[in-house]
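Residue-level listing of the chains:
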Amino acid sequence: MQKFYVTTPIYYPNARPHLGSAYTTLIADSFARLYRSLGYEVFFLTGVDEHGEKIERTARAKGFSPKEFVDKMAVEFKKAWKKMDITYDRFIRTTDEDHEETVKDILAKIYNKDDIYRGKYEGYYCVACERYYTEKDLVDGKCPYHLKPVEKRKIDSYFFKLSKYKDRLIEFYNSNPSFLPPNYKREILDRLSELKDLSISRPKEQLSWGIELPFDEKHVTYVWFDALLNYLSGIGYISNKSLYQQFWPPDIEIMGKDIIWFHCVIWPAILMSAGLELPKRQVAHGFLTVDGRKMSKSLGNVVDPVEVVERWGHDALRYYLLFKVPFGSDGDFSWKIFEEMYSKELVGNIGNLANRIVVLSHKLLNDVVEFEVDERLSREVNTIIDNLNILSKNLDVERIISEGYSRVISFAGMLNAYLNEKEVWKTKDKNDMMNLLESLYILSVLLEPILPQASEKISSLFDGRKRISELKPFGKNVSKLPSEKRVILYKKEV
RNA sequence: AGCGGGGUAGGGUAGCUUGGAGUGCCCGCCGGGCUCAUAACCCGGAGAUCGGUGGUUCAAAUCCACCCCCCGCUACCA
C-alpha cells in the first residue's frame, strides 16, 4: 500500500490559533482525508513549537513558567483543531521527550560530520527588547520598537555550515523540479547566491528555554534548528522506528509563504548533512487580508477561525479557503463573499440537492429497486475518481484543488440539472430516481475531503462512511433508502 | 534599489509550463422554465481590444523584449 506523509509547520503558541494557522491546517487536513480515501496509508502531523525567547518572555509576563504556559497553549490548539475535525495522527510538541532526543541525535550527527563550528554571532542588542536585531532591522541605527540606541554585541554561538550546501541544493532543485513551490522558485534560487552560515545556538545565560546542545551543555539550540526537526521526531525517528521507516520522507509539507526559506533551504541542508532523505514537495499558500485590509487588532477586523467555525461550521471555512482563495497566492477573506458562498453554494447547491433527492426518494420509492445505470452519470463519476487518483499520485496539490475538487462540486450541479431535465417528480421514474440516489451517495463519499460535515451527514443516511477506494461500480452502492425523510446539511440562517 | 508574484467581461478566478477560433467556473445583471426542494433548482442571454507597445509565428491570453500599475520578499522575531 502506498504511503502519504503530510505535515503542517508547528505553530508558535504565544497566542491562540489564528486564521493563518487554521488555513494551513485545514488544507493539510483536506489532503490527509483525500489520500486516506483513495486508499493510501496516511500520517498527518501537526503541533506546536514551544521553545524560544518569545515564549519564555510571554510566559513570565503572565506569571507562568514557560512549561506551564505552553501546556496551556497546547490545549488551546488541540481544542481549536478538534472544533474543525482536524484528523491529525500526532500532535507534536517540541517539549516532547522524543523530540528533544531527536534534536540531540541530529545535532550530534552533524557535529561529527564537521558541519558545526564555534563562532561569534554579532548583532545589535536592544536592552529594552532583550533581543538582537540585524543591521537591516534598525531604524536610523536604533531599535525599531523603542527607537533607542542599540549596542553592538558579540556572543558565542555555534554555526551550521549552511553555505557548504549551496551547490548541492541547486543540484537537488534541478533534479527534483517539483520540490520548490512554483511561485517562489526563482526567488529562492536567486537568494541562494548570498547563502551564509546559520547561527544555531545561544548561550544558556541568555536563553535557557531550549534544548541543550549535545556537545556543549552551556548552549541551547536556537529556533529553527529545533523546530524543523519536528518532522523527524513526529514520525518516530527516535520513538518508533518502524513507523519512521514506513513514512519517511514527507510527501508534502504545507506552510504559509513566510517560512518558505526555512523549509526550502535550511531544512534540506540539515537533512543532507544528516544523510537523510529529503521531502518530496514543499507547498506554500499565501496570506489573507480581511475585506481587503491587513488583519490587525487596531482595525478590529481580526477573524477568529474558531468563532467562524462555531457559527458556520468548518465546512464553510474549508470551502472558502479551498475555492475562494487562489492556492499559492495571497487572497482575501471577504465576509460578503463568505456569506454569499454559504447561501448560494453550500445551502443552495449542495444542501438543497441532498434534500431534494432524499425527500423525493421517499415519495417515489418504497425500497431500492434494480435499475439501469445512466451512462452520463457513471462516466462522470469514473472520470472524477480517475482524475483524483492521477493528481494525487503526482502530488499535484494545486490541481487537486482547482481541477479535482472543482469537478466534485460540479457533479452536484450536474445532479441538480439532471433532476430538472428528467422532471423526476412528474414522471415518477424509478430508474431515474435510483440513479440520483446512487449519485448522491457517491457524492457524499467524494465530498469527504472537501466538506466533511456534509459528507458525514449524507453517508449516515445510508450505511456510514466509506472511502473512495471502497466504492463499487456505479449502480452497486446504494442498498437501502435514506434513513430519514429529509436532510438539512446547512441551515439557511445561522 | 535588487529580486519575485500578479494585472483575463461589473467583481472574483481558472486557463499560460507542452501556442491553435476568447474556452471554463463563482457572484451580480437581463429573459424564460420548473414547483420535488432550505423563496432553493434548471435553461438561455448581455457583457472582455485576455494591463500597454512592439516582435516571433500560418496562428499568442499562452513565447520574446520594453513599458505602466498593484502586491510581496531581501533571512537567524516566529
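In this text, all values refer to a predicted model and were calculated from it rather than measured experimentally.

### Observations concerning the overall build of chain A
Step number 1: Along its length, chain A carries 18 helices and 14 strands.
Step number 2: Relative to its length of 494 residues, chain A is compact, with a C-alpha radius of gyration of 26 Å against a globular reference of 23 Å.
Step number 3: For chain A, the C-alpha atoms occupy an extent of roughly 85 × 45 × 40 Å along the three principal directions.
Step number 4: Taking all 494 residues of chain A together, the buried fraction comes to 55%.
Step number 5: Excluding contacts between residues fewer than 6 apart, the proportion of contacts in chain A whose partners are at least 24 apart in sequence is 77%.
Step number 6: Per element, the accessible surface of chain A, about 22,000 Å² overall, is 47% carbon and sulfur.

### Points about the protein's contact with RNA strand B
Step number 1: For RNA strand B, the set of nearby residues contains 50 residues, the closest of which are Tyr12, Glu194, Val223, Glu340 and Asn352.
Step number 2: Sugar plus phosphate: this is where 74% of the atoms of RNA strand B within 4 Å of the protein reside.
Step number 3: Interatomic distance of 2.6 Å between a side-chain N/O atom of Arg356 and a base nitrogen of RNA strand B.
Step number 4: One nitrogen or oxygen atom from the side chain of Lys426 is found 3.4 Å from a phosphate oxygen belonging to RNA strand B.
Step number 5: Elements with a contribution of two residues or more to the surface near RNA strand B: strand 5 (131–133), helix 6 (185–191), strand 7 (198–199), helix 7 (223–228), helix 10 (260–274), helix 13 (335–364), helix 15 (397–422) and helix 16 (424–427).
Step number 6: Counting residues per element, the surface near RNA strand B draws most heavily on helix 13, which supplies 12 residues.
Step number 7: Grouping the constituent residues of the surface near RNA strand B by class yields 19 nonpolar, nine polar and 22 charged.

### Digging into the packing of helix 12 (residues 314–323) against helix 13
Step number 1: Relative orientation of the contacting elements helix 12 and helix 13 amounts to 105°, with a least axis distance of 10 Å. If you check the angle between helix 12 and helix 13, you find them roughly perpendicular. Contacts between helix 12 and helix 13 involve Ala316, Leu317, Tyr319 and Tyr320 on the former and, on the latter, Ile337, Phe338, Met341, Tyr342, Glu345 and Leu346.
Step number 2: Grouping the constituent residues of the contact of helix 12 with helix 13 by class yields nine nonpolar, no polar and one charged.

### Quick word on the pairing of strand 12 (residues 281–285)
Step number 1: Most of strand 12 is tucked away: five of the five residues are buried.
Step number 2: One ladder, built from five bridges, connects strand 11 (residues 252–256) with strand 12; its direction is parallel. Bridging across to strand 12, Ile252 finds its partner in Arg281.
Step number 3: For the crossover that starts at strand 11, traverses helix 10 and ends in the parallel strand 12, the hand is right-handed.

### Concerning the environment of Tyr121
Step number 1: For Tyr121, the location among the structural elements is in strand 4 (residues 116–126).
Step number 2: Tyr121 sits in the buried class, given a relative accessible area of 17%.
Step number 3: In sequence terms Tyr121 and Ser343 are 222 residues apart; their C-alpha atoms lie 56 Å from each other.

### Re the confidence of the model for chain A
Step number 1: Here chain A averages 88 in pLDDT, and 95% of its residues register 70 or above.
Step number 2: Scoring of the predicted complex yields 0.93 for pTM and 0.86 for ipTM.

### A look at the packing of aromatic side chains
Step number 1: Within this structure, the stated rule accounts for 32 aromatic pairs.
Step number 2: Each ring, one from Tyr173 and one from Phe179, has its centre 6.1 Å from the other, and the planes form 20°; the classification is stacked. Taken individually, Tyr173 and Phe179 each receive the classification buried, so the pair is uniform in this respect.
Step number 3: Connected via pairs of aromatic rings, a cluster forms that spans Tyr5, Phe43, Tyr231, Tyr237, Tyr244, Phe247, Trp248 and Trp267.
Step number 4: When the ring centre of Tyr237 is taken as reference, the NZ or CZ atom of Lys241 above it lies at 5.0 Å.

### A short note on the sheet that holds strand 2 (residues 41–48)
Consider a sheet: its strands pair through backbone hydrogen bonds, and that pairing is either parallel or antiparallel.
Step number 1: Here five strands make up an open sheet; going across it, the order is 3-2-1-11-12 and the pairing parallel. The sheet terminates laterally at strand 3 (90–93) and strand 12, the two strands that pair on one side only. Between one strand axis and the next, the sheet turns by 25° as a mean value, whatever way the strands run.
Step number 2: Pairing between strand 1 (residues 3–11) and strand 11: two bridges, direction parallel. Residue pairing for strand 11: Thr7 is matched across the bridge by Glu253.
Step number 3: Against the sheet, helix 1 (residues 19–37) touches strand 1, strand 2, strand 11 and strand 12, its axis set at about 170° to strand 1.
Step number 4: Packed on one face of the sheet, helix 3 (residues 66–83) meets strand 1, strand 2 and strand 3 and runs near 155° to strand 3.

Thresholds applied
Residues numbered from 1 in each chain as written. Chains lettered and ligands numbered in written order. Predicted model: local features only at pLDDT ≥ 70, side-chain atom pairs only at ≥ 80, totals over all residues. Heavy atoms only, no water. Helix = DSSP H or I, 4+ residues; strand = E, 2+ residues; numbered from the N terminus. Rg over C-alpha atoms; globule rule 2.2 N^0.38 Å. Buried < 20%, exposed > 50% of the residue type's maximum accessible area, 1.4 Å probe, protein only. Contact = heavy atoms within 4.5 Å. Areas by Shrake-Rupley, 256 points an atom, 1.4 Å probe, with all protein chains shown as cover. Near = heavy atom within 4 Å. Polar contact = N/O pair within 3.5 Å; in protein donor to acceptor, adjacent residues only side chain to side chain. Nonpolar A, V, L, I, M, F, W, Y, C, P; charged D, E, K, R; others polar. Axes fitted to C-alpha atoms, helices over the stretch in contact; angles between N-to-C directions. Parallel < 35°, antiparallel > 145°, perpendicular 65-115°, else oblique. Pairing = 2+ DSSP bridges. Right-handed = clockwise from strand over helix to strand, strands pointing away. pLDDT = per-residue confidence, 0-100. Phe/Tyr/Trp six-rings, centres within 6.5 Å; stacked < 30°, edge-to-face > 60°. Lys NZ or Arg CZ within 6 Å of the ring centre and 35° of its normal.

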